[in-house]
There are 2 protein chains.
Amino acid sequence: MTDLATRVYNHKWKIDPIVRSLIDTDFYKLLMAQSVFLNKPDTRVTFSLINRSSHIPLAKLIDEGELRAQLDHIRSLSLSRGESTWLRGNTFYGKRAMFRSDFMEWFENLRLPPYHLERIGDQYELTFEGDWPSVMLWEIPALAVLMELRTRAVLHDMGKFELQVLYARAMTKLWEKVEQLRDIDGLLLADFGTRRRHSFLWQDWCVQAMMEGLGDKFVGTSNCLIAMRREVEAIGTNAHELPMVYSALANSDAELADAPYQVLRDWQEEHDGNLLIILPDTYGTDGFLSNAPDWLSEWTGIRIDSGDPATGAEKAIQWWNEHGQDPRNKRIIFSDGLDVDKIRELHQQFHGRARISFGWGTLLTNDFRNLVPNDALTPFSLVCKAISADGRPTVKLSDNPNKALGPDAEIDRYRRVFNVGQQEAMEIIV
Amino acid sequence: MTDLATRVYNHKWKIDPIVRSLIDTDFYKLLMAQSVFLNKPDTRVTFSLINRSSHIPLAKLIDEGELRAQLDHIRSLSLSRGESTWLRGNTFYGKRAMFRSDFMEWFENLRLPPYHLERIGDQYELTFEGDWPSVMLWEIPALAVLMELRTRAVLHDMGKFELQVLYARAMTKLWEKVEQLRDIDGLLLADFGTRRRHSFLWQDWCVQAMMEGLGDKFVGTSNCLIAMRREVEAIGTNAHELPMVYSALANSDAELADAPYQVLRDWQEEHDGNLLIILPDTYGTDGFLSNAPDWLSEWTGIRIDSGDPATGAEKAIQWWNEHGQDPRNKRIIFSDGLDVDKIRELHQQFHGRARISFGWGTLLTNDFRNLVPNDALTPFSLVCKAISADGRPTVKLSDNPNKALGPDAEIDRYRRVFNVGQQEAMEIIV
């Protein structure tokens, strides 16, 4: 029996909305939004979409009208009562009331600010301007919308059974990964795949499959909506946008050199325990660690997000040793370019030497490689970054020069201020 | 929204019935039932389940109570009005009113006769006795029930996502076969997989996948219910049970030697065109062809169902040539132990030399090999055969001695009467 009301209701939708909730976003965006809300609420920022895979002609694949309809839908969203209750009442990292009442009131009243969209050749220029706490919450939904519209474009002409088999193959592929991961003793792994997911429903499926397939080895998801619905941990700490914006606001080279540490001073005002995770690579890990204040070595751990991950982890272990810290009590989170083989390899190398965990992203929630003709669903490198703050350009260097962002002159200045030497260029897979 | 009525209704079922329609059976059973209804309506037969794969302990896997409940449910079925309308009104093999009114009236009033079920060690003895036209219609539902209860037993302890991935893998596997078959020019292929299917829903999925994936290369299904619902051709002609029972009824060696031909004399009273398909192997193809009356060479084609299929087809081609018939106008249907490689190989060897088609059975609708631990879903060889007629044992020899059925003394007599020489024993895969 068909439920007539459901059928009629479903056909009333003008679009099939991709993002249906303001908490269909990464947990760390909310943590950072609160931090920014407290420390830099009036900073004006511009975020911009950047397609690092310029061979993917997004504007040819995705209809501008459909993209606008999806973005407009996101602007109509507000925090629901249940979502607010969950954010206010849930325990995050063992702590109740992680989000302050003043922040929650602000968030409950938030509507995402306007966007600027323009087609330039085969790419879209998509930017968001406004106060930092509001604009920053565009990042994840904007990426998710573009990724899923691209998915829909590729799938558009496929038959019903062809589609079913496509998902059958993707499920099989993911499950084979789960079966391999299940055999790794002591593995701890979270889903970090919101921003470059194939689709919302696919990410949700992946999380549920890992819950059943990995049991305690699966520690949670960065996606708040899925964490709430599936009753798993919401996972995440902080990202490059904090040091990038703080640095752009610096009024001198000395202030610039201190900016990444100022971020962490502000951060530890609010947080402790597993939220004290250093992200050292914004302007090069080597310089960051060698100039770091002593108190930073007491933080809980480090996240390795660019460059060769084993090298980064070895540097962290050496740095802790030099500061009289026992690395075996420290956490190392790997979150860049992971897939099963890399996870196994890093786990073998570092398990027992430190507390290891993995934030598995694109190749968890968007590994449709080789599943359609011309490999048209291969994941690609799309980011949405703060490009300016109070009118000044931001810069990111990272441990991989291919990931550097910002005007050339500023990149040169930052390389000088942060003492960045020779870096190994690595291909950006995702 | 959940449809409350549907949900409550679904939970009222005492069992999940496997066979829900009297036309969830092979089309040729109905053609044969009509023939028997006209020619031998009062013959008393016994059909018996025979598990040729004795290493599969059916009685350990399948609960006797569940089996009885399924068989009892089948006994409660009668032809529905829509099913009757379809059988009366549909065009089969280009012919309207294939089923006579007197047969349809009989079928509309049919309830399947009682069964006898007993556990003997780890196997079930399951037999059906009564008038031939009624009892013969037990064959397919009995097999389908046992196959699907075995499936359910193996799947019983699997988790939700494990199950979903199992079906994802099976779908992927089937679709890869479809993709390979799609590339074979001039292929014609039908589903013959009802009797040993994984489950009804899976067979239904396979048929729909082939409709989308193979287009005109997929010519239909032997399953009447699926043919009706999916609006494809119902496919089939006749089977060994006709010569087996006719032979058992013979009163002398001379009558016995003629019995297989008498079957075909009766058959061509009713049918023509594509339904005039010889099944030559019941008592050995060599003897059958060399003793065949001339008029038989004018029949439309032949079905190769045991022994080495290429050898059987070469024999048929040679026989047609010897009788002044052009094999290129004749049809050869392969229906034994097929999978993609064998289909491709036979197609390459015979395409253009005769009209070739394939009745693909077990490895279409039940290829779950290597998809669960211990290969516990590997298909096995279960049959349900006429073992006696009017109190006399039946015999089948076929072109593979491993498929021979009947008492030893009778097998020896049949081998003598039908001049069966040396036969090559072949492993029965399915």
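Residues numbered from 1 in each chain as written. Chains lettered and ligands numbered in written order. Predicted model: local features only at pLDDT ≥ 70, side-chain atom pairs only at ≥ 80, totals over all residues. Heavy atoms only, no water.

(A) Spatial organisation of the pairing of strand E2 (residues 115-120) of chain B. All names here are of chain B. As judged from the 6 bridges shared by E2 and strand E3 (residues 123-131), these two strands associate in the antiparallel manner. When the sheet's bridge partners are listed, isoleucine 120 is paired in E3 with glutamine 123. Between E2 and E3, which pair antiparallel one after the other, the connecting turn spans 2 residues, and glycine 121 there sits at a positive phi close to 65°. (Pairing = 2+ DSSP bridges. Helix = DSSP H or I, 4+ residues; strand = E, 2+ residues; numbered from the N terminus.)

(B) Highlighting the environment of glycine 359 of chain A. Residues and elements named next belong to chain A. Structurally, glycine 359 is set in strand E9 (residues 355-360). Distance in space between the C-alpha atoms of glycine 359 and phenylalanine 192 is 5.2 Å, their sequence separation being 167 residues. Excluding residues within four positions of it along the chain, glycine 359 makes contact with Ala190, Phe192, Ile333, Phe334, Ser335 and Leu338. (Contact = heavy atoms within 4.5 Å.)

(C) Quick look at the packing of helix H5 (residues 81-89) of chain B against helix H6 (residues 101-109) of chain B. Residues and elements named next belong to chain B. Following both chains from N to C, one finds H5 and H6 inclined at 160°, their axes separated by 11 Å at the closest point. With respect to H6, the axis of H5 lies roughly antiparallel. In this structure, the crossing between H5 and H6 has a hand that is right-handed. Within the contact between the two elements, H5 uses Ser84, Leu87 and Arg88 and H6 uses Ser101, Met104, Glu105, Phe107 and Glu108. Taken together, the residues of the contact of H5 with H6 sort by class into 3 nonpolar, 2 polar and 3 charged. (Axes fitted to C-alpha atoms, helices over the stretch in contact; angles between N-to-C directions. Parallel < 35°, antiparallel > 145°, perpendicular 65-115°, else oblique. Left-handed = near helix turned anticlockwise from the far one by under 90°. Nonpolar A, V, L, I, M, F, W, Y, C, P; charged D, E, K, R; others polar.)

(D) Seen up close, the domain arrangement of chain A. Residues and elements named next belong to chain A. When its domains are assigned, chain A resolves into domain 1 (4-158) and domain 2 (161-366). Averaged C-alpha coordinates put domain 1 and domain 2 at centres separated by 21 Å. Across the contact, 42 residues belong to domain 1 and 37 residues belong to domain 2. Roughly 3,500 Å² is buried in total at the junction of domain 1 and domain 2, and carbon and sulfur atoms are behind 61% of that figure. Contact with domain 2 buries surface across domain 1, with Tyr28, Tyr93 and Met158 losing the most and accounting together for 19% of the total. At the junction of domain 1 with domain 2, the criterion picks out 4 salt bridges. (Domains from an automatic or database assignment. Buried area = accessible area lost by both parts, 1.4 Å probe. Salt bridge = Lys/Arg side-chain N within 4 Å of Asp/Glu carboxyl O.)

(E) Broad picture of the sheet that holds E2 of chain B. All names here are of chain B. With respect to topology, 5 strands assemble into an open sheet ordered E2-E3-E1-E10-E11, the strand pairing being antiparallel. Pairing within the sheet leaves two strands with one partner each, and these edge strands are E2 and strand E11 (392-393). Packing against the sheet, helix H12 (residues 241-248) makes contact with strand E1 (44-51), strand E10 (382-389) and E11, and its axis sits at approximately 25° to E10.

(F) Spatial organisation of the packing of aromatic side chains. If you walk through the whole model with that rule in mind, you get 56 aromatic pairs over all chains. Here tyrosine 167 of chain B and phenylalanine 368 of chain B contribute two aromatic rings whose centre-to-centre distance is 5.9 Å and whose plane-to-plane angle is 80°, an arrangement assigned as edge-to-face. Placement of tyrosine 167 of chain B in helix H9 (residues 160-182) and of phenylalanine 368 of chain B in the loop between helix H17 (362-365) and E10 is noted, with a sequence separation of 201 residues between them. With relative accessibility at 24%, the residue tyrosine 167 of chain B sits in the partly exposed group. Taken together through their ring pairs, the aromatic side chains of Phe27, Phe37, Trp86, Phe92, Tyr93, Phe99, Phe103, Trp106 and Phe107 of chain A make up a single cluster. Over the ring of tyrosine 246 of chain A we find lysine 40 of chain A; its NZ or CZ atom is 4.5 Å from the centre of that ring. (Phe/Tyr/Trp six-rings, centres within 6.5 Å; stacked < 30°, edge-to-face > 60°. Buried < 20%, exposed > 50% of the residue type's maximum accessible area, 1.4 Å probe, protein only. Lys NZ or Arg CZ within 6 Å of the ring centre and 35° of its normal.)

(G) Summary view of the UniProt feature "domain: Nicotinate/nicotinamide phosphoribosyltransferase" (unreviewed entry) in chain A. In this structure's numbering, the residues bearing the UniProt feature "domain: Nicotinate/nicotinamide phosphoribosyltransferase" (unreviewed entry) are residues 189-421 of chain A. With 40% helix and 14% strand, residues 189-421 of chain A has end C-alpha atoms that lie 33 Å from one another. (UniProt positions renumbered as here; feature names shortened; annotations may be inferred.)

(H) Just the interface of chain A and chain B, in detail. Between chain A and chain B, the contact holds 21 residues from the first and 21 residues from the second. When the two sides are added together, the surface that chain A and chain B hide from each other amounts to roughly 2,000 Å², 62% of it contributed by carbon and sulfur. The interface formed by chain A and chain B holds 4 salt bridges in total. Residue glutamate 176 of chain A pairs with arginine 169 of chain B through a salt bridge whose shortest N-O separation is 3.6 Å. Applying the counting criterion to the chain A and chain B interface returns 12 residue pairs in polar contact (both at pLDDT 80 or more). Classifying every residue of the side of chain A that touches chain B gives 9 nonpolar, 5 polar and 7 charged. (Polar contact = N/O pair within 3.5 Å; in protein donor to acceptor, adjacent residues only side chain to side chain.)

(I) Representation of the nonpolar core. Membership of the largest hydrophobic core comes to 263 residues, with the highest contact counts inside it found for Phe107 and Trp360 of chain A together with Phe107 and Trp360 of chain B. Excluding residues that lie within four positions of it along the chain, phenylalanine 107 of chain B makes contacts with Leu22, Ile23, Leu30, Leu79, Leu87 and Leu137 of chain B. (Core = buried A, V, L, I, M, F, W, Y, C linked by side-chain atoms within 4.5 Å.)

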